[in-house]
Amino acid sequence: MNDRENTVQKTISLCKPGFNGVLTAQEANSSLKHIDPRNLLCAIKLDLKRYITASGIVLSATGQQCSHSLTKFEEQFLLPNMSLFSSEGFDVGTTFAIARIVFIRISKLENCIPNPLGFLPAVFAAIREEDLQRDKHHLLVDNSGQEVIKSPYKVLPRRIWDLHSNRVIEFPLLTIARIQQSSVPRSDKWKFEFYRDHIPVFWAITHSWTDDMRCIRTPINGYRWPVPVPDGVSLEQVRDELLTFGGRYVWLDVLCLRQENGTKDEGVRAEEWKIDVPTIGNIYRTASKIVRYLNGLGRPFSHTGWDNDRHWLQRAWTLQEIRLEDITYAGGVKNDPMYLHAIGNYLGKTMTFREALTPILQLARHIDKDGHCEIYHLAKEMQRRRSSIPLDKVTGLFYLLRTWVLPTYSKATPPNEAWAQSIPLLRRKTKLELLFDFPYPGHDQRWFPSWEQLLEWPRRDPTLKHVSRKLDLDAKILPRCQHCNDCGHPILIENTTILDDVAINETTTPGVYTARVKFELTLSNLAEFRPYHGPYHDSYHNSCSPRKTSINNCVKITFFTIYPSQQPIANGLYTLVTPKVSTALNWVVATCILPPGSHCPKDCVLSLGNAFRKVGILRSDQGISLPQSKLRKGPCVFI
């Protein structure tokens, strides 16, 4: 038992009937140096009389001049309202946490202390209403009927841990901007204004869950749900370290995010998780400081286990909890800056911890700086990380992609289904990257890969350029067709370059293909034709005699795969589609689904023409010049 726990137990005994009120300064020493000594009492459920007695005892023991006197805060606000707080189910600690925040706001009012009979219920009602409005504001049903989170990067925490009072409180308490009383005389009605753009100062803890997590019941969260902590670690131990760092309000998932407990509150948890889980990354993005525990909450840093599935470096969820080192405290290192130079094994190599951390920090910097990261890099990082719930990888990836809206979270949703449903939410550039750079179609022949395929994205050839972020193409997800099952999330691409009727055959060299394009060259299109500079330039040039009015010709173009492990493309006749003709851009090899005027209804996307299924992608390092009749511009739809 540590000093603080000893003092707590001693203080509890002091409050028993018959105690003479003597407590030595040594018995209430080091653990009280960070905060107001009265906060020691927040772990004890005391009635009003015993609170006054214990408050004086503790203050006297720490050498402060107070004896049994009361502060203005206690005399004018806390004690008169104690019964009201008690009726709300709050103990002394929660009462302190709430009352101090509210007292600071109302102490600036001209009428001084308000009528507690009407004021405190108004505070509780305003907080509940603010929490309700928060969910209503951010939840939206889109045109497809999917429930999504709008303005996700403005979502703030639902709860926060007040280290001074050692209680979890509602976060909207910190966002109260003004409190005004009604202008009607003798009215008990109060008006509360909350900050919308201003973010209160708070910290966040990033850690990985361990294999030996145990659940405890604690007054810190009002016993609302069991709190998982690593075996041998106490929340008081974590609190002491956070106070040493200088923290006051801290977000910790096990305390501030409602946990599963198998009770009637499970429905409440599921509703809260719809918003709270997808936007956890936003808590770390807006926190002023981050405290990082690498080997589990409250546990010391270790030189070993960096490749363990439970280590912070290996978890999928921690990827969105990374901030730069200048605002990050290292938990469990006891002020040892040399921990960054510790040597261990990571990803099969021996390196320092700084070397292991650097690529992750670079990725985080890229995401925050540009506001958009290529999905390839995020998918490769997610591929090697671990998660207890497969859906968590989908949720974390979408947050890192910085989409305009986020999908809600439902633990029961399979990851592949969640991924497919959320494709319309992706940014335009991400959709183009999936279409023009992912090397093969989805398992169900869709234009985008399945979730399993995304995580198995082949490694790129570093010598080649890939999809340019400067592509100026419109990419729009069309509504699902009501008449057939072929049109799940079709994508419409404007202003593409289309090459029809291309005969593709694989050569004896793996990954290299020849494409033959047949066309008729006449005097009418000779002027618009630019000479082809390819393997058959001489013979082709000699055949273009002005004496001939029409020439049946064939151009052969060499294509190659850009991924070493790309699936082969079967020999056959295809249509090639590219954003624009360039040796640095890919061509999508596609098959035409149905020609215009087919049996599909008029409102089906298949009846629009230029409707394709993706087969694969190829690239050519040759310049391609063909008549406009073969190399045409226009929109196309991929199913």
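One can find the structure itself at the top, above this paragraph.
Since the structure is predicted, the reported quantities are computational estimates derived from the model, not experimental observations.

J.: Which parts of the structure should I look at to understand the pairing of strand S20 (residues 572-578)?
T.: Consecutive side chains along a regular strand alternate between the two faces of the sheet. Within S20, 5 of the 7 residues are buried, leaving the element largely enclosed by the surrounding structure. Bridge count for strand S17 (residues 491-506) against S20 is 6 bridges, and the pairing is antiparallel. Bridged to Thr497 within S20 is Thr578. Inspection of the sheet shows S20 paired to strand S21 (residues 587-592) by 3 bridges, in the antiparallel sense. Note that in S21 the partner of Thr575 across the bridge is Ala590.

J.: When you look at the pattern of salt bridges in this model, what are you seeing that I'm missing?
T.: If the charged atoms of two oppositely charged side chains come close together, the side chains can form a pair. For the coordinates displayed, the defined rule picks out 24 salt bridges. Between Glu147 and Lys274 there is a salt bridge, with the nearest N and O atoms lying 3.1 Å from each other. Pair noted here: Glu147 is in strand S2 (residues 147-150) and Lys274 is in helix H9 (residues 266-276), with a separation of 127 residues, a long-range link. Where Asp276 meets Arg158, a salt bridge forms, and the shortest distance between an N and an O atom there is 2.7 Å.

J.: What exactly am I supposed to notice about the sheet that holds strand S15 (residues 405-407) here?
T.: Strands pair in a sheet through their backbones, by hydrogen bonds, and they do so in one of two ways: parallel or antiparallel. Taken in spatial order, the 3 strands of this open sheet run S1-S2-S15, and their pairing is antiparallel. Strands at the two margins of the open sheet, each flanked by one partner only, are strand S1 (139-141) and S15. Strand-to-strand, the axes of this sheet are offset by a mean angle of 40°, without reference to chain direction.

J.: Before we go on, may I ask you to explain the nonpolar core in this structure?
T.: Side chains of a nonpolar character, in soluble globular proteins, are inclined to be buried together. Ranked by internal contacts, the top residues of the largest apolar core, which has 138 residues, are Leu255, Trp419, Leu434 and Phe638. No other element matches helix H11 (residues 353-370), which puts 8 residues into this core. Residues within four places of Leu255 in sequence aside, it is in contact with Trp161, Val168, Thr218, Ile220, Asn221, Trp225, Val227 and Leu235. Core analysis: the next-biggest nonpolar cluster, separate from the first, contains 19 residues, Leu499, Ile557, Ile569 and Leu631 among them.

J.: Is there a simple way to think about the packing of aromatic side chains in this case?
T.: For any pair of aromatic rings, the description consists of the separation of the ring centres together with the inter-plane angle of the planes. As enumerated under the stated definition, the model contains 19 aromatic pairs in all. For the ring pair Tyr153 and Tyr399, a centre distance of 5.2 Å and an interplane angle of 55° mean the geometry is tilted. Highlighted residues: Tyr153 in the loop between S2 and strand S3 (159-162) and Tyr399 in helix H13 (residues 391-400), separated in sequence by 246 residues. What makes Tyr399 buried here is its relative accessible area of 1%. Each ring, one from Phe245 and one from Tyr329, has its centre 4.7 Å from the other, and the planes form 10°; the classification is stacked. Placement of Phe245 in helix H7 (residues 235-245) and of Tyr329 in strand S12 (residues 328-330) is noted, with a sequence separation of 84 residues between them.

J.: Which parts of the structure should I look at to understand H7?
T.: Residue pairs spaced three or four apart in an α-helix point in one direction, given the helix's 3.6 residues per turn. The complete set of buried residues in H7 reads Leu235, Glu236, Val238, Arg239, Leu242, Leu243 and Phe245. With its phi angle positive at about 105°, Gly246 sits one or two positions after the end of H7.

J.: Is there a simple way to explain the environment of Leu464 in this structure?
T.: In this structure, Leu464 sits in the loop between helix H16 (451-455) and strand S16 (475-477). On the basis of relative accessible area, Leu464 is assigned to the partly exposed category, the value being 24%. For the pair Leu464 and Leu585, spaced 121 residues apart in sequence, the C-alpha separation works out to 9.8 Å. Setting aside anything within four residues of it in sequence, one finds Leu464 in contact with Phe560, Ile562 and Arg619.

J.: How do you make sense of unusual backbone geometry when you look at a structure like this?
T.: Outside of glycine, negative phi angles account for most residues, and trans bonds account for most peptide bonds. Of note, Asn166 is a non-glycine position whose phi angle comes to about 60°, a positive value. Within the secondary structure, Asn166 sits in the loop between S3 and strand S4 (167-170). Phi is positive for Tyr223, close to 60°, though the residue is something other than glycine. Among the secondary structure elements, Tyr223 is positioned in the loop between strand S8 (213-216) and strand S9 (227-230). Residue Tyr223 is classed as partly exposed on the basis of its relative accessible area, which comes to 39%.

J.: Explain the sheet that holds S3 to me, please; I cannot follow it from the model alone.
T.: What the 6 strands build is an open sheet, ordered S4-S3-S10-S7-S11-S12; its pairing is mixed. Of all the strands in the sheet, the pair left with one neighbour each is S4 and S12. Pairs of neighbouring strands in the sheet enclose a mean axial angle of 35°, with direction left out of account. Judged from the 4 bridges that link them, S3 and S4 form a sheet pairing that is antiparallel. Pairing of Asp162 across the sheet is with Arg167, part of S4.

Cut-offs and rules
Residues numbered from 1 in each chain as written. Predicted model: local features only at pLDDT ≥ 70, side-chain atom pairs only at ≥ 80, totals over all residues. Heavy atoms only, no water. Buried < 20%, exposed > 50% of the residue type's maximum accessible area, 1.4 Å probe, protein only. Helix = DSSP H or I, 4+ residues; strand = E, 2+ residues; numbered from the N terminus. Pairing = 2+ DSSP bridges. Salt bridge = Lys/Arg side-chain N within 4 Å of Asp/Glu carboxyl O. Axes fitted to C-alpha atoms, helices over the stretch in contact; angles between N-to-C directions. Core = buried A, V, L, I, M, F, W, Y, C linked by side-chain atoms within 4.5 Å. Contact = heavy atoms within 4.5 Å. Phe/Tyr/Trp six-rings, centres within 6.5 Å; stacked < 30°, edge-to-face > 60°.

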